[in-house]
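Now for the letters of each chain:
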Amino acid sequence: MEQHRIGRVCANPPGNDRGQDRAGEWVEVIVGPSGDLGGHELQHRVFPSGRWEALHRFPEGFKLVPGTPVVVHAGHGRSGPDPHGVYHVFTGANWRLNNDGDIVRLLDPRASELHRRELRGDECEGTPSGRGPGSLPAVTPPRPFGS
Ligand SMILES: [Ca+2]
């Protein structure tokens, strides 16, 4: 069964990395058949140390319809679905993807790597538009595990 995977990435949006629009950097995760991203962690590799840094850990109970694009942003914004069927998560965090090359990866709750993408660092793969108007998937809002 195909697992959750990393989709598009915006590692180097227009403007200076030190600018105010921190939400311009993002990584898209495509929800796999289980629909459950709870406990999964998105990471990137810090340059030059090579250690892995968490971009976001999805809370327990974070479930969406399989195939939903989930765009995980640095910085602040309003989390939730947009009219194009894309679910946005604003982490409020200050991370940056390296513009000279980076690796992003997705770990399952047991810290096993499900998928990774190696980046040149200059990617900004378009505004995530999802599947178009009228195809907004039903969204199960995140809720505490076991509720
Ligand atoms: Ca960057």
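Residues numbered from 1 in each chain as written. Predicted model: local features only at pLDDT ≥ 70, side-chain atom pairs only at ≥ 80, totals over all residues.

Considerations on the confidence of the model for the protein chain
Looking at the protein chain, the pLDDT average stands at 83 and 79% of residues meet or exceed 70. Segment residues 129-147: pLDDT under 50, and 33 contacts once partners within four positions in sequence are set aside and those in other chains are kept. (pLDDT = per-residue confidence, 0-100. Contact = placed C-beta atoms within 7 Å.)

Concerning the pairing of strand E6 (residues 69-73)
Burial of E6 is extensive: five of the five residues sit out of reach of the surface. Residues Pro69, Val71 and His73 point to one face of E6 and Val70 and Val72 to the other, with burial holding for every one of them. Pairing geometry for E6 and strand E8 (residues 87-90), over four bridges, is parallel. Looking across to E8, one finds that Val72 is bridged to Val89. (Buried ≥ 20, exposed ≤ 12 C-beta atoms within 10 Å, placed from the backbone. Helix = DSSP H or I, 4+ residues; strand = E, 2+ residues; numbered from the N terminus. Pairing = 2+ DSSP bridges.)

Regarding the sheet that holds strand E3 (residues 41-45)
The strand order E4-E3-E9-E10 describes an open sheet built from four strands, whose pairing is antiparallel. One side of each edge strand has no neighbouring strand; the edge strands of this open sheet are strand E4 (52-57) and strand E10 (113-119). Taken pair by pair, the neighbouring strands of this sheet meet at an average axis angle of 20 degrees, ignoring direction. (Axes fitted to C-alpha atoms, helices over the stretch in contact; angles between N-to-C directions.)

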